[in-house]
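Reading the structure
Chain by chain, the residues:
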Amino acid sequence: MSPPLAPELLQAVVVVTAALVLGMIVALLVQRAVRRRRERRSAALDARYRRLVLESTIAEDDEVPALLERVRGLDDAAREHVGRMVFLMLRGVTGEAADRLRAVAVATGLAPRVLADARHRSAVRRADAAEALGRLAPEGALALLLELADDPDPTVRTVAVRALGGFEAPEAVGAAIDALASDSGVPSTVGASVLLQQGSTAGDRVRLALHDRDPAVRRGAARIAGLLQVPGCGDSLAALVRDEHESVRLAAMRSLERLPVRAALPALVDAALRGGIEGEAAARAVASMPTTWTAAALEALAAGEPGVRRAAGLRRPEAVA
Amino acid sequence: MSGRILVVDDDRDIRDLVAIKLESAGHEVVTRADGAQGLEAGLEGGWDVIVLDVMMPGLSGIDVLRQLRDRGDETPVILLTARGQEKDIEAGFAAGADHYVTKPFSPRALLARVTAAIG
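Now for a description of the structure that goes with this document. (Residues numbered from 1 in each chain as written. Chains lettered and ligands numbered in written order. Predicted model: local features only at pLDDT ≥ 70, side-chain atom pairs only at ≥ 80, totals over all residues. Heavy atoms only, no water.)

Some points on empty space enclosed by the protein
Throughout the structure, instances matching the rule amount to 1 cavity of 30 Å³ or more. Of the volumes computed, that of the largest cavity is approximately 40 Å³. (1 Å grid on protein atoms, 1.4 Å probe; cavity = no way out; pocket = protein on both sides within 12 Å on 5 of 7 lines; lining within 4 Å. Points joined across faces, edges and corners; volume = space filled by probe spheres on them.)

Structure, rendered in structure tokens:
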């Protein structure tokens, strides 16, 4: 049995513990008070300046300079608050209202901070800057976003590529195509959605990307070609039905459902008769083509697996009988 | 032509932006912050157009729309849907929506839709 602690030592332990607990309670109370004060301050600033920001979105052209002058005349805390408000509102709006909000953001002095943060050593700050550059679109934003799309950090690259979707520019299309690559570190859906946002601007690059050496790029380009109905890529899509990678073949087949190409029929019939998921995808592509092209192909598919026949819209043999 | 518009969206910024745009065009606007409140207000009737966000916690915009239509309410409804959520658009039309606008959206374009819906 260990000897009991000396009374003086025990007393010291109790005093130190009590002091620690008291210190923690005081720290918690101070923290809560500071948070409440900050919230009250934020609510007060909100009440004061929210109307000003909202009005900026509907201001007439001749009212804008005075409005921006009012923003420039605010103290630092108020300008920072207005900048934050504008930044959040820009998530939901486009068009003229967004242009007005961007002008307010510039008047708050937010843009120089964002531009500077794009080269910050912290990846988190660079990612935040990339998002802000996309929303605020200050002068020089496109060039900086293209730089950030090559950032060493994959999160920064992802945010930058996503932000490029708002810039209708050939360079943005190029960055989105690069993001489709298997080693880009950017989710393929991000590059693809940027290309969809770019619409017809992306056509030429998508056509070229159908012949890329990287199967991930060919797969992404094949999907986008169909979704955007890029003209002039029918033969390439038909060739991709025989690509060495299954995911590329499937993407090409899905796109051929939207972009019918007669030259693809022999390859589609071969794939359909092999059966499986690919066979069904090929059969769906055949079934989506004009009936004047597909009579012989559908006749051949009648010998396919039940799933293939179903995908081709063919009746069961017993039903026919 | 001015009308009485109900705007239901859980995002305060969107709600306020839509309201100020519609008010600037002379419409009377009432806002609600969630589906349950929106349904309650919708059922009170007297609206020329209802603008409904699809993605809301609790009752979604589609749920609200379906319940309104089930009770015979034929008020024109414009849905606010997130970009890329085509299934929401299909579900919205199936539930009886008249139009949709994808977010992020132009308040001016929404105003044009509202004006067209009022006729």
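Picking up after the structure, the text goes on.
Digging into helix α3 (residues 76-89) of chain A
Spanning 14 residues, α3 of chain A covers 20 Å between terminal C-alpha atoms, matching the ideal 20 Å at 1.5 Å per step. Among the residues of α3 of chain A, A78, H81, V82, G83, M85, V86, F87 and M89 of chain A are the ones counted as buried. Residues of α3 of chain A that are buried make contact with α1 (7-58), α4 (95-107), α5 (110-117) and α6 (123-136) of chain A together with α1 (12-24) of chain B. The distance from a side-chain oxygen at the start of α3 of chain A to the backbone nitrogen of A77 of chain A is 3.2 Å, and the residue carrying that oxygen is D75 of chain A. (Helix = DSSP H or I, 4+ residues; strand = E, 2+ residues; numbered from the N terminus. Expected span 1.5 Å × (residues − 1). Buried < 20%, exposed > 50% of the residue type's maximum accessible area, 1.4 Å probe, protein only. Contact = heavy atoms within 4.5 Å. Polar contact = N/O pair within 3.5 Å; in protein donor to acceptor, adjacent residues only side chain to side chain.)

A look at unusual backbone geometry
Omega for the peptide link from K103 of chain B to P104 of chain B comes to -5 degrees, which places this bond in the cis form. If you trace the backbone, P104 of chain B turns up in the loop between β5 (99-103) and α5 (107-118). Positioned with a positive phi, A137 of chain A is a non-glycine residue whose angle comes to about 45 degrees. On the secondary structure map, A137 of chain A appears in the loop between α6 and α7 (141-148). Looking at A137 of chain A, the relative accessible area reads 35%, which means it is partly exposed. Even without being glycine, Q229 of chain A reaches a positive phi, approximately 50 degrees. Take Q229 of chain A: it is sitting in the loop between α12 (215-228) and α13 (234-240).

Concerning the sheet that holds β5 of chain B
Residues and elements named next belong to chain B. One open sheet holds the 5 strands; their spatial order is β2-β1-β3-β4-β5, and the pairing between them is parallel. With partners counted over all chains shown, the strands left at the sheet margins are β2 (28-32) and β5, one partner each. For this sheet, the mean angle separating the axes of adjacent strands, direction not counted, is 20 degrees. Inspection of the sheet shows strand β1 (residues 4-8) paired to β2 by 5 bridges, in the parallel sense. Each residue of the ladder has a partner; that of R4, found in β2, is E28. (Pairing = 2+ DSSP bridges. Axes fitted to C-alpha atoms, helices over the stretch in contact; angles between N-to-C directions.)

Details of the side chain of R218 of chain A
Residue and element names in this part refer to chain A. Mapping R218 onto the fold places it in helix α12. A distance of 3.1 Å separates a polar atom in the side chain of R218 from the backbone oxygen of R213. Here R218 is in contact with A209, L210, H211, D212, R213, L240, D243, E244, H245 and V248, once residues within four sequence places are set aside.

Some details on the interface of chain A and chain B
If you look at the interface, chain A gives 17 residues, while chain B gives 15 residues. Together, the buried faces of chain A and chain B total about 1400 Å²; carbon and sulfur atoms form 56% of this surface. Area buried by chain A at its contact with chain B is led by R50, I58 and T94 of chain A, which between them contribute 33% of it. Here chain A is connected to chain B by 5 salt bridges. A salt bridge links D11 of chain B to R91 of chain A; the nearest nitrogen and oxygen atoms lie 3.7 Å apart. Taken together, chain A and chain B are joined by 7 residue pairs in polar contact (both at pLDDT 80 or more). Put simply, the parts of the chain that give the side of chain A that touches chain B at least two residues each are α1, α3 and α4 of chain A. Its residues placed into classes, the side of chain A that touches chain B shows 6 nonpolar, 5 polar and 6 charged. (Buried area = accessible area lost by both parts, 1.4 Å probe. Salt bridge = Lys/Arg side-chain N within 4 Å of Asp/Glu carboxyl O. Nonpolar A, V, L, I, M, F, W, Y, C, P; charged D, E, K, R; others polar.)

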